[in-house]
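Understanding the architecture of this molecule
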Amino acid sequence: MLSTLLHSLVLIYLVVVPIQAQLTLPYPPYIPPNLADGALQTSGQTKLPNPQWSNLLGNLLYFYEAQRSGNLPSWNRVSWRNSSTVNDGKDVGLDLSGGYFDAGGYDATNQTAYLDDMLRWGLDWLMKAHSSNNTLYVLVGNTNVDDAYWGGDRNIPSFRPSYQINNTNPGTDAAAGASAAFSTCATLYLNKSFGGPFSSPASLQNSSYADKLLTHAQQLYSFAVNATGGQRTYQTSVPAIAASYGSTSYTDELTLAALVLSWATNSTSLYQQAEGYYTKFKLSGQNGVFNWDSKTPALAVLFAQMSQSNSNFGGNLSVWRAEAERYFDRIVNKQGPGHLTRDGLLFYDGDSDDASLNPALNAAMLLTRYAQIASTSGKKTSYLNFAQSQIDYALGKNSMHGASRWPLRPK
């Protein structure tokens, strides 16, 4: 297993003291119910939220708790997990323990405190990895050894070397991606909403924590833009990561970093930089998958949301609507590179093969987020229906009556 920058959050998340969540965790703690409970019928359910959806959200957050690395806190809910890789970073004189292992409606459902706890576990690790303005640790571990290890958390192989990008050996995509993660989460802790038809964020408001996140976001964005070593993908500076998580480009991350930082700080100049990057890097007209390596499809959605929410940015809502809907229409009308399996799962050859639900649910998320400002009611309906079909598939509405079963291709 390996811990990487780009996957420490979900896509993804200085403090060296034990982490205390802003919100008090529920007692008794939420523990996932018996698997058989997922098959219980909820037809005729009138109480909101539906308990099955509450359990689903709780299980998703519990999953991240099971992936924690480092010294586990006293409130750890996963009885079979132990503290692990606690010496990460000692080779460079830092504490880089923590974060998450890879490769392996909150308020109403009483999961907000767990959301807070999950985010802080990743964000606090990422702040430690950003050890100075122009230094960011992007990998701890030996990818060849870690990827081949399938044992328990007490015997993870060591030595685990720490790899950094810095001013002379930069990684524009990693620095910009970390900046975007900090900016995005800062807006959550600022309780900043797009307003209008969009739902309010979870109740996590904490201005001091948001300020800390914004400081890291601004430093990392400056690092990504102004590194003396120029702009390049991070595997150019850290070849050890290339085989596991090589990045195809830094252009989408740099655009995203400018855009979400502009939203977090109400900066018109940063918004204009983001639009300039979008044009300069020729990001329009793309039809590919939306995943950890390719964030371009999300950009038009964010531009549209921000243009709708705040006219002071000077964005042209109709332009961004057209770009977002061009992308979505090709998906729902089966005209893009993604195709539907027999049972209706959106599938991208070469991307869906190893994680079939990932691209489909990423697309469903984007469709759901954008549908509220679609140009017509017909488009809104078609986008929401398509997104619902992908969620239904993932929850078992398919001929296998469950999620895709590895190693078989999904039906």
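Cut-offs and rules
- Residues numbered from 1 in each chain as written.
- Predicted model: local features only at pLDDT ≥ 70, side-chain atom pairs only at ≥ 80, totals over all residues.
- Heavy atoms only, no water.
- Helix = DSSP H or I, 4+ residues; strand = E, 2+ residues; numbered from the N terminus.
- Buried < 20%, exposed > 50% of the residue type's maximum accessible area, 1.4 Å probe, protein only.
- Areas by Shrake-Rupley, 256 points an atom, 1.4 Å probe, with all protein chains shown as cover.
- Axes fitted to C-alpha atoms, helices over the stretch in contact; angles between N-to-C directions.
- Left-handed = near helix turned anticlockwise from the far one by under 90°.
- Contact = heavy atoms within 4.5 Å.
- Nonpolar A, V, L, I, M, F, W, Y, C, P; charged D, E, K, R; others polar.
- Phe/Tyr/Trp six-rings, centres within 6.5 Å; stacked < 30°, edge-to-face > 60°.
- Lys NZ or Arg CZ within 6 Å of the ring centre and 35° of its normal.
- pLDDT = per-residue confidence, 0-100.
- Pairing = 2+ DSSP bridges.
- Salt bridge = Lys/Arg side-chain N within 4 Å of Asp/Glu carboxyl O.

Moving on, we get to the overall build of the chain. Helix and strand counts for the chain stand at 13 helices and five strands. Across the 411 residues in the chain, those meeting the buried criterion constitute 50%. Carbon and sulfur atoms provide 53% of the accessible area of the chain, an area that totals close to 18700 Å².

What follows deals with the packing of helix 12 (residues 357-371) against helix 13 (residues 377-394). Contact pair helix 12 / helix 13: the axes reach a minimum separation of 8 Å and the direction vectors enclose 145°. Remark: the crossing between helix 12 and helix 13 carries left-handed chirality. Residues L357, A360, L361, A364, L367, T368, Y370 and A371 of helix 12 lie in contact with helix 13, whose contacting residues are K380, Y383, L384, F386, A387, Q390, I391, Y393 and A394. Along the lines of polarity and charge, the residues of the contact of helix 12 with helix 13 split into 14 nonpolar, two polar and one charged.

Under the definition given, this model contains 18 aromatic pairs. Measuring from ring centre to ring centre gives 4.6 Å for F194 and W263, while their planes differ by 25°; the resulting arrangement is stacked. Linking F194 in the loop between helix 4 (172-189) and helix 5 (207-226) with W263 in helix 8 (residues 251-265), this pair joins segments that are 69 residues apart in sequence. Each member of the pair, F194 as well as W263, is classed as buried. On the numbers, 6.2 Å between centres and 50° between planes, the contact of Y370 with Y383 is tilted. Of this pair, Y370 sits in helix 12 while Y383 sits in helix 13, and the two are 13 residues apart along the sequence. Each member of the pair, Y370 together with Y383, is buried. Taken together, the ring pairs in this structure connect F194, F198, W263, Y271, Y278, F303, F313 and W320 into an aromatic cluster. Stacked on the ring of Y209, the Lys or Arg R120 has its end atom at 4.2 Å from the ring centre. In this structure, K192 is placed above the aromatic ring of W263, and the distance from its NZ or CZ to the ring centre is 4.6 Å.

With that settled, the discussion passes to the confidence of the model for the chain. Averaged over the chain, the pLDDT score is 89; the fraction of residues at 70 or greater is 89%. Note on residues 1-20: pLDDT under 50 across the span, and 74 contacts to partners over four residues away in sequence or across chains.

The next point concerns the pairing of strand 2 (residues 136-140). Across the five residues of strand 2, five count as buried, placing the element largely inside the fold. Relative to strand 3 (residues 162-165), strand 2 runs antiparallel, the two sharing four bridges. When the sheet's bridge partners are listed, Y137 is paired in strand 3 with Q164.

Turning next to the pattern of salt bridges. Scanning the model with the defined rule gives eleven salt bridges in all. Across the pair D116 and R120 runs a salt bridge whose closest N-O atoms are separated by 2.7 Å. You can see D116 and its partner R120 sitting in helix 2 (residues 112-129), four residues apart, about one turn around the helix. Here the two residues D116 and R120 agree in accessibility, since each one is buried. In this structure, the salt-bridge partner of D343 is R342, at a minimum N-O distance of 3.9 Å. Judged by its relative accessible area of 24%, D343 falls in the partly exposed class. Each member of the salt-bridge network shares a partner with another, and the members are D88, D146 and R160.

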